[in-house]
Amino acid sequence: MSVRVRFAPSPTGALHIGGVRTALYNYLFAKKHGGAFVLRIEDTDQNRFVEGAEEYIQDALKWCGIDSDEGVEPGGDFGPYRQSERKAHYQEHAQRLVAEGKAYYAFDSPEELDEMRERLKEARVANPQYNAITRMQMSNSLTLSEAEVTERIDSGAPYVIRVKLPRNEDIRFEDIVRDWVVVNTATLDDKILMKSDGMPTYHLANIVDDHMMQITHVIRGEEWLPSAPLHVILYDYFGWDRPAFAHLPLLLKPDGNGKLSKRAADKLGFPIFPLNWNDPESGELSEGFMEKGYLPEAMINFLSLLGWNPGGEQELFSKEELIQEFSLERINKAGAKFDIEKAKWFNQQYLKSSSDDELAQALMGNTELAIDFDLARRIVAMMKERITFLSEIMVSGSFFFEAPTVYDEKTVRKKWTQQAVDFLGEFTSQLAVLEALDGEQVKSIILGILEKDETPIGRVMPALRLSLTGQGGGPDLMEIISILGPQESVSRIKKAIEELSESVKE
Ligand code: GLU
């Protein structure tokens, strides 16, 4: 049977980076096995619907290059792929369980349910539940006569459908990550399958769809592990084959203390969402990894290693390599620390290895400056080894675009000497007559001047750099001068000589 997996987010807000990792693992597994990656939108909880969230999820996955083979957008043979459009299936399946005595109607009002919980608490029941024992004291189709049940339903009384769990039975299933999981039904309750608004709960919709969409492997976050025993029971109740399960380890805060939450990320100053998210309810804008300057390839590589261990030393993996190497068996049980410094490292590596053309395109797209492509290429070629984010070019490389207005104090103090100023004077007069020059020409002019009085180059270069960039260090100065051109260089040097005239050291 060919592999079919799904990523099944609920559009209740922005997609968390942990969700992106879940989608990625599903995607890698599908591609590795020549299978299908399905994107299903689980939007049955009307109370938690958030405007724009579904579109956000689609955009975020697209940015990461996690393309779905089937889903709302590409369509497919198993649609519709939005649960809100599949209501009839859930109704039908819930009715089937009721008819077979594996589920029942329950009419209890919220007050009655509260009363039941209070009663149980008073009787010192630690975990009050609607279960094999308590259900017999409640208003449901197991305690009411058939006529009464029909009458209540016909009169439009609100009701839910609950699963009828066995009282004391061990449920076993094998999880690819966690090995064997055994849970006794005494710890579970008769979960609601259909709500009074006629919508299914997550549990019912999720397994009906996984079955109907022929999902072979359920790969999802560890927070769903407690739901898995109920799902297993439902598969058995329907007489369906269970899919294989793999519950992924949690993403932890960088220090390993607790779950990575939006609050924790906000506090530590890094994004938690792949793209900018404008929360329609609070109005809060959260900056995304994309807007922060992360490259999608770097994100994918970084996320792939949060919970999966390829074995061996290699850390940099292209998407194709990840697909080749990925296996569910090498997923760790232990939570994975979200080390943002590592994410930056990956970004650096990918920036370094991006082509100058690509980065130049991106730089031009990111800046309001009108620079031509060739200039953008030369700038990124010089800077890409020195930055973590492309946007840093606008800060540490601001001199490419405008003359410095401040000068590095330490360099002024130590290197702005009379000798250097004399050199700069000579240098500008030689440059002034030129229209353009390359790095080699710059070098020979400099050496030519220095040769005369045998001045070591180190005596004057810091001052030259300072006058042009305001900085005490940076990339190849000859190339910078070539990029700025002779006229701009001359004007900057003159400006610096004037502005720093009080600071000249003998
Ligand atoms: N709709 C669930 C979620 O929001 C899906 C969980 C699952 O994959 O079963 O994550």
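Residues numbered from 1 in each chain as written. Predicted model: local features only at pLDDT ≥ 70, side-chain atom pairs only at ≥ 80, totals over all residues. Heavy atoms only, no water.

**Structural notes on the site of the ligand**
If you check the shell around the ligand, you find Arg 6, Ala 8, Ser 10, Glu 42, Tyr 202, Asn 206, Arg 220 and Trp 224 and nothing else. One of the side-chain N or O atoms of Arg 6 is found 2.7 Å from an oxygen atom in the ligand. Protein chains bury 84% of the 290 Å² of accessible surface belonging to the ligand in isolation. Its residues assigned to classes, the shell around the ligand comprises 3 nonpolar, 2 polar and 3 charged. (Near = heavy atom within 4 Å. Polar contact = N/O pair within 3.5 Å; in protein donor to acceptor, adjacent residues only side chain to side chain. Areas by Shrake-Rupley, 256 points an atom, 1.4 Å probe, with all protein chains shown as cover. Nonpolar A, V, L, I, M, F, W, Y, C, P; charged D, E, K, R; others polar.)

**Notes on the side chain of Asp 175**
Of note, Asp 175 is situated in strand E6 (residues 170–175). With no salt bridge to any partner, buried Asp 175 finds its closest opposite charge in Arg 178, at an N-O distance of 5.1 Å. Of note is the side chain of Asp 175, whose polar atom sits 2.8 Å from the backbone nitrogen of Val 177. Contact partners of Asp 175, with chain neighbours within four places excluded, come to Val 181, Leu 225, Phe 245, Ala 246 and His 247. (Helix = DSSP H or I, 4+ residues; strand = E, 2+ residues; numbered from the N terminus. Buried < 20%, exposed > 50% of the residue type's maximum accessible area, 1.4 Å probe, protein only. Lys, Arg positive; Asp, Glu negative; His and termini not counted. Salt bridge = Lys/Arg side-chain N within 4 Å of Asp/Glu carboxyl O. Contact = heavy atoms within 4.5 Å.)

**Re the packing of helix H17 (residues 418–431) against helix H21 (residues 486–499)**
One way to put it is that H17 packs onto H21 with a least axis distance of 9 Å and a crossing angle of 150 degrees. Regarding the angle of H17 to H21, the classification is roughly antiparallel. H21 is crossed by H17, and the crossing has left-handed handedness. Two secondary-structure elements touch here, H17 through Val 421, Leu 424, Gly 425, Phe 427, Thr 428 and Leu 431 and H21 through Pro 486, Gln 487, Ser 489, Val 490, Ile 493 and Ile 497. Here the contact of H17 with H21 is composed, by residue class, of 8 nonpolar, 4 polar and no charged. (Axes fitted to C-alpha atoms, helices over the stretch in contact; angles between N-to-C directions. Parallel < 35°, antiparallel > 145°, perpendicular 65-115°, else oblique. Left-handed = near helix turned anticlockwise from the far one by under 90°.)

**Comments concerning helix H6 (residues 202–212)**
For H6, the tally of buried residues reaches 9 of 11 residues, placing the bulk of the element in the interior. Among all positions in H6, only Tyr 202, His 203, Leu 204, Ala 205, Asn 206, Ile 207, Val 208, Asp 209 and Asp 210 are buried. Of the surrounding elements, those touching the buried residues of H6 are strand E1 (4–7), helix H3 (87–99), strand E8 (192–194), strand E9 (217–221) and helix H7 (228–238). Looking one or two residues past H6, Gln 214 carries a phi angle of roughly 55 degrees, positive in sign.

**Observations regarding the nonpolar core**
For soluble globular proteins, nonpolar side chains are generally found buried alongside one another. Counting residues in each nonpolar core, the largest one holds 106 residues, and the members touching the most others are Ile 17, Ile 66, Phe 338, Phe 427 and Leu 464. Setting aside chain neighbours within four positions, we find Ile 17 in contact with Leu 251, Leu 260, Ile 272, Phe 289, Met 299, Leu 303 and Phe 338. Counting residues in each nonpolar core, the second largest holds 40 residues, with Tyr 105, Leu 204, Ile 215 and Tyr 237 among its members. (Core = buried A, V, L, I, M, F, W, Y, C linked by side-chain atoms within 4.5 Å.)

**So, the pattern of salt bridges**
Using the criterion set out here, one finds 31 salt bridges in the structure. The shortest N-O distance in the salt bridge between Arg 40 and Asp 210 comes to 2.9 Å. Placement of Arg 40 in the loop between strand E2 (36–39) and helix H2 (53–64) and of Asp 210 in helix H6 is noted, with a sequence separation of 170 residues between them. In this pair, the class of Arg 40 matches that of Asp 210, namely buried. By sharing partners, the salt bridges in this structure join Arg 6, Arg 40, Glu 42, Arg 86, Asp 209 and Asp 210 into a single network.

**Considerations on helix H13 (residues 356–366)**
Two residues of an α-helix separated by three or four positions point the same way, owing to the 3.6 residues in each turn. Looking at H13, one finds that the buried residues are Leu 359, Ala 360 and Leu 363. End-on, the buried residues of H13 take up no more than an arc of 105 degrees, which puts them together on one face. In the core, the buried residues of H13 are packed alongside helix H12 (340–353), helix H14 (373–383) and helix H15 (393–396). (Arc of directions from axis to C-beta.)

**Remarks on the packing of aromatic side chains**
One pass over the structure, following the stated rule, counts 22 aromatic pairs. Aromatic pair Phe 238 and Trp 240: ring centres 4.2 Å apart, planes at 15 degrees, arrangement stacked. Trp 240 matches Phe 238 in its accessibility class, with the two residues each being buried. Look at Phe 289 and Tyr 294: their rings are 5.1 Å apart centre to centre, the planes differ by 70 degrees, and that puts the pair in the edge-to-face class. Site record: aromatic cluster; members linked through ring pairs are Phe 270, Phe 289, Tyr 294, Phe 302, Phe 338, Trp 345, Phe 346 and Phe 389. The aromatic ring of Phe 107 is capped on one face by Arg 152, whose charged end is 5.2 Å from the ring centroid. Here the basic side chain of Lys 342 rests over the ring of Trp 345, its NZ or CZ set 4.5 Å away from the ring centre. (Phe/Tyr/Trp six-rings, centres within 6.5 Å; stacked < 30°, edge-to-face > 60°. Lys NZ or Arg CZ within 6 Å of the ring centre and 35° of its normal.)

**Re the environment of Asp 357**
As for its placement among the helices and strands, Asp 357 is situated in helix H13. The class of Asp 357 is partly exposed, set by a relative accessible area of 39%. It is 9.0 Å that separates the C-alpha atoms of Asp 357 and Asp 374, two residues lying 17 residues apart in sequence. When sequence neighbours within four positions are dropped, the list of residues in contact with Asp 357 reads Phe 373 and Arg 377.

**Topic: unusual backbone geometry**
With an omega of -5 degrees, the peptide bond between Gly 79 and Pro 80 qualifies as cis. Following the sequence through the fold, Pro 80 ends up in the loop between strand E3 (70–71) and H3. Even without being a glycine, Arg 124 presents a positive backbone phi close to 60 degrees. Positionally, Arg 124 belongs in the loop between helix H4 (110–122) and helix H5 (146–154).

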